[in-house]
Amino acid sequence: MPDYLLTTSPQMAKRHKRHSRFQWYGRVAIAISISFMVLMFTAIFARGLGAFQKTMIGVDVEFAQSVIDPQGTRVQVDLKQANYKPLILTGLQEVVPDATERKARNRLYKLVSGGAVFDLGERVAANPNMIGTTKRVWIAASSEVDLYIKGKIDENLDEAVRRLKDQDIAWVNQLKAEGRVKKKFNRVFFTSGDSRAPEMAGILSAALGSFFSLLVCFLIAFPLGILTAVYLEEYAKKNRLTNLIEVNINNLAAVPSIVFGLLGLAVFLNFFNLPRSTPLVGGMVLALMTLPTIIIASRSILRSIPQSTRDAAMGLGASKTQTTFHHIVPLAMPGMLTGTILGMARALGETAPLLMIGMVAFIVDVPKGVTDVATSLPVQIFLWADSPEKGFVELTSAAIMVLLMFLILMNLFAVYLRRRLERRW
Amino acid sequence: MEKNMTYKTAVSTNGSAPIMTANGVDVYYGKKQAIKNVSLDIPENQITALIGPSGCGKSTFLRCFNRMNDTIDSCRISGDIKFAGQDIYDSKVDVVALRSRIGMVFQKANPFPKSIFDNVAYGPRIHGLSESKDHLEDIVITSLRRAGLYDEVSDRLNEPGTSLSGGQQQRLCIARAIAVDPQIILMDEPCSALDPIATAIIENLMDSMKEKYTIVIVTHSMQQAARVSQQTAFFHLGELVESGDTESIFTNPAQERTQNYISGRIG
């Protein structure tokens, strides 16, 4: 007999070729998608990492009693609101004595952040013993100086199109030469709300707004979604009505999120008169949006639980409800939680419905509850991306990094829950 | 149990009183008729085997006895099935109570994903059969003993039931069914997924169980039916072709179809 079984016939060669060709298609597809991801992350990191540091300028400030507290009353409010501007300016002029005219003085003062006076006020109010002493304090530089120090302003650019003029740059370099410029961790970014000035803007109010919205969303969507799924899957008879409900739930999952925003505007704000721009309403709208996702995920989990488990319990004389709540729901819980968390992760990144219910405002105050006016992380990113100041470019990318971090954390939590709660059968 | 004795009303052909009687039972799945006018008596404290080729309706018929078919939406049943003289499809009958009197063991061992102890204790717990923790432990241990499993698992009652071998899992399911103290145990091909050794253990177990329980078993294996049962019923295409004494069915069947099946010509 010939040994053709062991050699490669032309047909076999064709099959092998097709096999390897297909493998290569797959590899190329994966390579392309990974390179896009790498590109995206590098772009975001390259732009955003700078925002976690900020430039400080060391100024020797003489905390003169006559300026801060001429009456010597030490009243907190007065200490906070005293006129610190001349004190800072005097300190700066010690390093840059040539800035004497009014115009030059104004330009010099613009090197430091507009928020520096409040910062000093807070420090003095916290420690009134400072009054009467002269101390080197590190105050935030303005956004332009910050960008220059980080090398993000091109000095060779025509002076007319730069906000930081040659004179300013010379002063900054003079300060730098004296060791009065340093970069430090940008705490403000994590501890304050939005601001018109990039160096004073922070992510906290948006993050808390997102947190409160998601909290409301979870409290509404999780129980409603689970109960709906359990009822439809375990109790309801399969008939035209349940079919209709099922089709409509699937349709709802595909409705563009902005439509839910309009619904929230019409129903929650205009009809029920709930407070505008609050995480309460935001969370309710997100809950509407997340519900179909949770229901669909939970139902498929329930359906995947083997019939034998139901049979075992029913055969012992457990009632429908005992079977469901002693056996089926505990088995399905990890999957249902995972579905919920993934739905919530989607809700966290949602912008459109929140625009409709007014969570798109300039919010400086940090929200303390679900009925305080707030914005959310993706909306904050949108707002910053839309701002003309160059300093916000960095902040936008930094905010995206924070949002991505939250998303990754939520997904990891879903994986952890699944591993932790999963029981084999 | 003494109270079982009071149910002896009718006397069946082979001397034992029927604890369960089916009369003119039809079962439909949607439009398809799965069981056609079947009448059968189940004698007490005996093993009745339902045999027949795949799809002949024997499992469907078995599931009528504890109304497990109720869980299938499209399933309709007519005719009457009496347990201890009571129509089990009567609207006044509580299915939960019925199933606590008639236990069931399934084809695929299906222990709950819980500990061995909790598997057996689940039935007594939901029916409130135990007065105290000690009593519950007692029920669990007795049930495991009766199912011939206790010696193998006595030192690991807190391990998951799913960690046992296939044969042990099936005996765990039998122990779980026994724990609610039923009168009848329905077994739907309990050995079809087991090796011969595990099968032999379960067959011996059934033999010893019949003193206390009435057993109805669906089986694919004619040898098994011949080995364990006292009464055999042969189903074909939804009909009950023939029923009677196991010995006479296997040695001297009255119907040609039965003859053909047991000699391997149909099925």
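Everything numeric here is computed off the predicted structure, so don't read it as measured data.

**A closer look at the overall build of chain A**
Of the regular secondary structure elements, chain A holds 18 helices and three strands. Here the C-alpha atoms of chain A give a radius of gyration of 30 Å, more than 25% beyond the 22 Å that 2.2 N^0.38 yields for 425 residues. In terms of overall dimensions, chain A has a C-alpha envelope of 100 × 70 × 35 Å along the principal axes. Evaluated residue by residue, chain A yields a buried proportion of 36% over its 425 residues.

**Here's the deal with the overall build of chain B**
Secondary structure assignment for chain B yields 11 helices and 10 strands. The C-alpha radius of gyration computed for chain B amounts to 18 Å, which stays within 12% of the reference 18 Å derived for 267 residues, consistent with globular compactness. Dimensions of chain B along its principal axes, counting C-alpha atoms only, are 55 × 45 × 40 Å. When contacts within chain B are restricted to residue pairs at least 6 apart in sequence, those whose partners lie at least 24 apart make up 68%.

**Topic: the environment of B:I42**
By the element assignment, B:I42 lies in strand β2 (residues 32–43). Overall, the presence of 24 C-beta atoms within 10 Å leaves B:I42 in the buried class.

**Quick word on the sheet that holds strand β1 (residues 53–62) of chain A**
By definition, the strands of a sheet pair up through backbone hydrogen bonds, in either a parallel or an antiparallel sense. All names here are of chain A. Read across the open sheet, the three strands follow the order β2-β1-β3; overall the sheet is antiparallel. Edge positions in the sheet fall to β2 (134–140) and β3 (181–185), since each of these pairs with one other strand and no more. Each adjacent strand pair in this sheet contributes to an overall mean axis angle of 40°, direction not counted. Two strands pair when backbone bridges link them, and β1 and β2 are joined in this way by seven bridges, in the antiparallel orientation. Bridge pairing in β2 links M56 to A140.

**What about helix α12 (residues 257–271) of chain A?**
Residues and elements named next belong to chain A. Taking 1.5 Å per residue, 15 residues should reach 21 Å; α12 reaches 20 Å between its end C-alpha atoms and fits that length. The largest bend along α12 reaches roughly 30° and is located at G264. Residues of α12 that are buried: F260, G261, G264 and F268. Looking at the buried side of α12, the elements it contacts are α13 (279–304) and α16 (352–356). Remark: N273 follows α12 within two positions and exhibits a positive phi of approximately 55°.

**Considering the sheet that holds strand β6 (residues 102–105) of chain B**
All names here are of chain B. The six strands lie next to each other as β6-β7-β8-β3-β9-β10, forming an open sheet whose pairing is mixed. Edge positions in the open sheet fall to β6 and β10 (239–245), since each of these has one partner strand only. This sheet shows a mean twist of 15° between the axes of neighbouring strands, independent of strand direction. The pairing of strand β3 (residues 47–51) with strand β9 (residues 231–236) spans four bridges and is classified as parallel. Bridge pairing in β9 places L50 opposite A233. Relative to the sheet, helix α2 (residues 58–65) contacts β3, β6, β7 (184–188), β8 (214–218) and β9, its axis offset from that of β8 by approximately 150°.

**Re the interface of chain B and chain A**
Listed per partner, the contact involves 21 residues of chain B and 18 residues of chain A. Among the secondary structure elements, those contributing two or more residues to the side of chain B that touches chain A are α3 (95–101), β6 and α4 (116–127) of chain B. Among the elements that line the side of chain B that touches chain A, the one with the most residues is α4(B), at four residues. A per-class count over the side of chain B that touches chain A returns nine nonpolar, eight polar and four charged.

**Focus on the nonpolar core**
Note that soluble globular proteins tend to have their nonpolar side chains buried in a common cluster. By size, the foremost hydrophobic cluster in this structure holds 77 residues, and its most contacted members are B:L50, B:A175, B:L186, B:I215 and B:V216. Apart from the residues lying within four places of it in its own chain, the contact partners of B:L50 are B:K58, B:F61, B:L62, B:V216, B:V218, B:A233 and B:F235.

**Focus: the packing of α4(B) against helix α7 (residues 166–178) of chain B**
Residue and element names in this part refer to chain B. One can describe the packing of α4 onto α7 by two numbers: an axis separation of 7 Å at closest approach and a directional angle of 35°. In this structure, the crossing between α4 and α7 has a hand that is right-handed. Contacts between α4 and α7 involve I116, N119, V120, Y122 and G123 on the former and, on the latter, L172, A175 and R176.

**Quick look at the pairing of β9(B)**
Residue and element names in this part refer to chain B. Counting buried positions along β9 gives six out of six residues, so the element sits mostly inside the fold. Side chains Q231, A233 and F235 project from β9 onto one buried face, and the interleaved T232, F234 and H236 project onto a second face that is buried too. Across six bridges, the pairing between β9 and β10 is antiparallel. Opposite F234, over in β10, you have E242 as the bridge partner. What sits between the antiparallel neighbours β9 and β10 is a turn of two residues, in which L237 has the positive phi angle 50°.

**Remarks on unusual backbone geometry**
Residue and element names in this part refer to chain B. With a phi close to 55°, R67 is a non-glycine residue in the positive phi region. Looking at the element boundaries, R67 is found in the loop between α2 and β4 (75–83). The backbone of D181 sits at a positive phi, close to 55°, despite the residue not being glycine. With respect to the element layout, D181 can be found in the loop between α7 and β7.

**Quick look at helix α18 (residues 391–421) of chain A**
Between its terminal C-alpha atoms α18(A) stretches 45 Å, which fits the 45 Å expected from 31 residues at 1.5 Å a residue. Against the buried residues of α18(A) lie α1 (10–48), α7 (143–149), α9 (188–191), α10 (204–235) and α17 (377–385) of chain A.

**Digging into the environment of A:E233**
With respect to the helices and strands, A:E233 occurs in helix α10. Once residues lying within four places of it in the same chain are set aside, the contact partners of A:E233 are A:R299, A:L302 and A:R303.

**Overview of the confidence of the model for chain B**
All names here are of chain B. Per-chain confidence: chain B averages 87 in pLDDT, with 93% of residues scoring 70 or above. Segment residues 1–13 is flagged for pLDDT under 50; beyond a separation of four residues in sequence, or across chains, it makes 17 contacts in the model. In the predicted assembly, ipTM is 0.84 and pTM is 0.83.

**Considerations on the environment of B:D155**
Looking at the secondary structure, you find B:D155 in the loop between α6 (150–153) and α7. A C-alpha to C-alpha distance of 11 Å links B:D155 and B:F117, two positions 38 residues apart in sequence.

**Quick look at the packing of α7(B) against helix α8 (residues 196–209) of chain B**
All names here are of chain B. Running from N to C, α7 and α8 cross one another at 20°; their axes reach a closest spacing of 9 Å. Comparing the axis directions of α7 and α8 gives the class roughly parallel. Crossing of α7 against α8: the hand is right-handed. For the pair α7 and α8, contact is made by G166, G167, Q170, R171 and I174 and by A198, I201, I202 and L205, respectively. Residue classes in the contact of α7 with α8 are distributed as five nonpolar, three polar and one charged.

Rules and cut-offs
Residues take numbers from 1 onward in each chain, read along the sequence in its written order. Whichever chain is written first is A, and whichever ligand is written first is 1; the rest continue in order. Only residues with pLDDT of at least 70 get local features here, since the model is predicted, and only at 80 or more are side-chain atom pairs given and counted; chain-wide, interface and lining totals rely on the full set of residues. Every helix listed is a DSSP run of H or I at least four residues long, and every strand listed is a run of E at least two residues long, numbered separately from the N terminus. With the radius of gyration taken over C-alpha atoms, the globule rule is written as 2.2 Å times the number of residues to the power 0.38. Put plainly, a residue is buried at 20 or more neighbouring C-beta atoms within 10 Å of its own, exposed at 12 or fewer, and partly exposed in between, counting only other residues' C-beta atoms, which are placed from the backbone. By definition, residue pairs are in contact when their C-beta atoms, positioned from the backbone, come within 7 Å. At least two DSSP bridges between two strands are required for those strands to pair. Structural elements are reduced to axes, namely lines fitted to C-alpha atoms, with helices fitted over the stretch in contact, and the angle between N-to-C directions of any two is expressed from 0 to 180 degrees. A helix's residues, less one, multiplied by 1.5 Å, set its expected span. Note on bend: at a given residue it equals the angle between the axes fitted to the 7 residues ending there and to the 7 starting there. Residue classes follow a fixed rule: Ala, Val, Leu, Ile, Met, Phe, Trp, Tyr, Cys and Pro count as nonpolar, while Asp, Glu, Lys and Arg count as charged, and any other residue, Gly among them, counts as polar. Here, a nonpolar core means buried Ala, Val, Leu, Ile, Met, Phe, Trp, Tyr and Cys residues linked by C-beta atoms lying within 7 Å of one another. Whether a crossing is left-handed or right-handed is set by the direction in which the near helix is turned from the far one by less than a right angle, anticlockwise for left-handed and clockwise for right-handed. Scored from 0 to 100, pLDDT records how confident the predictor is in each individual residue. Working rule for angles: under 35 degrees goes down as roughly parallel, over 145 as roughly antiparallel, 65 to 115 as roughly perpendicular, anything else as oblique.

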